[in-house]
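# A look at the structure
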Amino acid sequence: GFFILAGVVLCYAWVYNLPLVVPTPYDLLCRLIPSALGAVACVFLMFEALAYVTASFIAMLQSTTCFFSVLLAFAFGLQPHISLIPPMILLASGTVIAAAEGTTFSWYGLSLTLASDFAMAAQYVLMQVFMTTEGSQRQYDQCTTILWNSICCGVIMLAMSLMVDGLEPLKYLIAMDASHWHSCFPKLLVQWTLMAIFSSVSVLVIRDLGAVTGQVMILAAGIFTVCGGIMIFDETVTTLQFLGYAVVLGGVAWYC
């Protein structure tokens, strides 16, 4: 999916004659690759957490990501506004309420989810540093950022897949008959399309609003994860969890 997105960006830049800048070695090694590592780690940890907790639980705990983003933003000298603290306290309160009662709770799943949130925060902050003039040796536009971020993520994801699964997934795809291909390919295509849209929109949001604001906006979209978990996976969301997530959305509204 990442390589497909990189190909789409290259075609777009070629059609509209947009310049694509090659990152400096410093930006590549100290910002792009660590950001890509954060993106890949976030995906792997989140999928691992799904074996222990529900998708709704993971969506509710994503409010911790903005806290990690603020801490990392201070560490990289981005200086987020102090006015962010009150709505973030409300976000934290909603998270505590939502996590207080769960039909499928696991401390190990909780740890994986928090680690995934930290990896996502690191990815967003490093991407903001990469795209801003004050944090980088040169300023990079959205197309350049999406292209090189997709290439780095794709290479790292491929390397990790080969280390963990070897060639078994490829052998499985080759051995599939036409009927299985017809049933699996549309699902894969939908996943690749959603990943491309999410990655592209994330870059635009980070460029215009910053990493912390981007994380807060994602929290509002988490309601779709909760609803999808209920409809597709028949997950049970308790009244207390609904109350907690309502508080989280209230914090998002306050922030805006």
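Residues numbered from 1 in each chain as written. Predicted model: local features only at pLDDT ≥ 70, side-chain atom pairs only at ≥ 80, totals over all residues. Heavy atoms only, no water.

The next point concerns the overall build of the protein. Along the backbone of the protein there are 11 helices and 0 strands. Along the protein, from the amino end to the carboxyl end, the secondary structure elements read α-α-α-α-α-α-α-α-α-α-α. (Helix = DSSP H or I, 4+ residues; strand = E, 2+ residues; numbered from the N terminus.)

The subject of this paragraph is the side chain of T24. Residue position: T24 is located in the loop between helix 1 (2-15) and helix 2 (25-49). A polar side-chain atom of T24 sits 3.1 Å from a polar atom in the side chain of D27. (Polar contact = N/O pair within 3.5 Å; in protein donor to acceptor, adjacent residues only side chain to side chain.)

Its 25 residues give helix 6 (residues 107-131) an end-to-end C-alpha distance of 36 Å, which sits within 8% of 36 Å, the value for a rise of 1.5 Å per residue. Of all 25 residues making up helix 6, 19 are buried, and the element is well covered by its neighbours. (Expected span 1.5 Å × (residues − 1). Buried < 20%, exposed > 50% of the residue type's maximum accessible area, 1.4 Å probe, protein only.)

Our focus in this paragraph is the pattern of salt bridges. Taken as a whole and judged by the stated rule, the model has 1 salt bridge. A salt bridge links R31 to D27; its shortest N-O distance comes to 2.6 Å. With R31 and D27 both in helix 2, this residue pair falls 4 residues apart, about one helical turn. Just as R31 is buried, D27 falls in that class too. (Salt bridge = Lys/Arg side-chain N within 4 Å of Asp/Glu carboxyl O.)

Another point: the packing of aromatic side chains. The final tally for this structure, using the stated rule, is 3 aromatic pairs. Relative to Y16, the ring of Y12 has its centre 4.8 Å away and its plane inclined at 45 degrees; by these criteria the two rings are tilted. (Phe/Tyr/Trp six-rings, centres within 6.5 Å; stacked < 30°, edge-to-face > 60°.)

Trans peptide bonds make up most of the peptide bonds, and negative phi angles are found at most residues other than glycine. Residue N17 is not a glycine yet carries a positive backbone phi of 55 degrees. Among the secondary structure elements, N17 is positioned in the loop between helix 1 and helix 2. Classification of N17 as exposed rests on a relative accessible area of 68%.

Let's shift gears to the confidence of the model for the protein. Confidence in the prediction for the protein averages 76 pLDDT; 76% of positions are at 70 or higher. Confidence scores differ between elements of the protein, with helix 10 (residues 211-232) showing the lowest mean pLDDT of 64 and helix 2 the highest of 87. (pLDDT = per-residue confidence, 0-100.)

Attention shifts here to helix 1. The end-to-end C-alpha distance of helix 1, which contains 14 residues, comes to 20 Å, matching closely the 20 Å that a straight helix rising 1.5 Å per residue would cover. Turning to helix 1, its buried residues are F2, L5, A6, V9 and A13. Looking straight down helix 1, one finds its buried side chains confined to an arc of 100 degrees; they lie on one side. In helix 1, the exposed positions that point more than 90 degrees away from the buried face belong to W14 and V15. Looking at the buried positions of helix 1, the neighbouring elements they touch are helix 7 (142-165) and helix 9 (178-209). Positive backbone phi, approximately 55 degrees, marks N17, located one or two places after helix 1. (Arc of directions from axis to C-beta. Contact = heavy atoms within 4.5 Å.)

Across the interface, helix 1 lies against helix 9 with an axial gap of 9 Å and an inter-helix angle of 60 degrees. By the angle between their directions, the pair helix 1 and helix 9 is classed as oblique. Seen along the crossing, helix 1 lies across helix 9 with a hand that is right-handed. Listed contacts from helix 9 to F2, I4 and L5 of helix 1 are W192, M195, A196, S199 and S200. Among the residues forming the contact of helix 1 with helix 9, the class breakdown is 6 nonpolar, 2 polar and no charged. (Axes fitted to C-alpha atoms, helices over the stretch in contact; angles between N-to-C directions. Parallel < 35°, antiparallel > 145°, perpendicular 65-115°, else oblique. Left-handed = near helix turned anticlockwise from the far one by under 90°. Nonpolar A, V, L, I, M, F, W, Y, C, P; charged D, E, K, R; others polar.)

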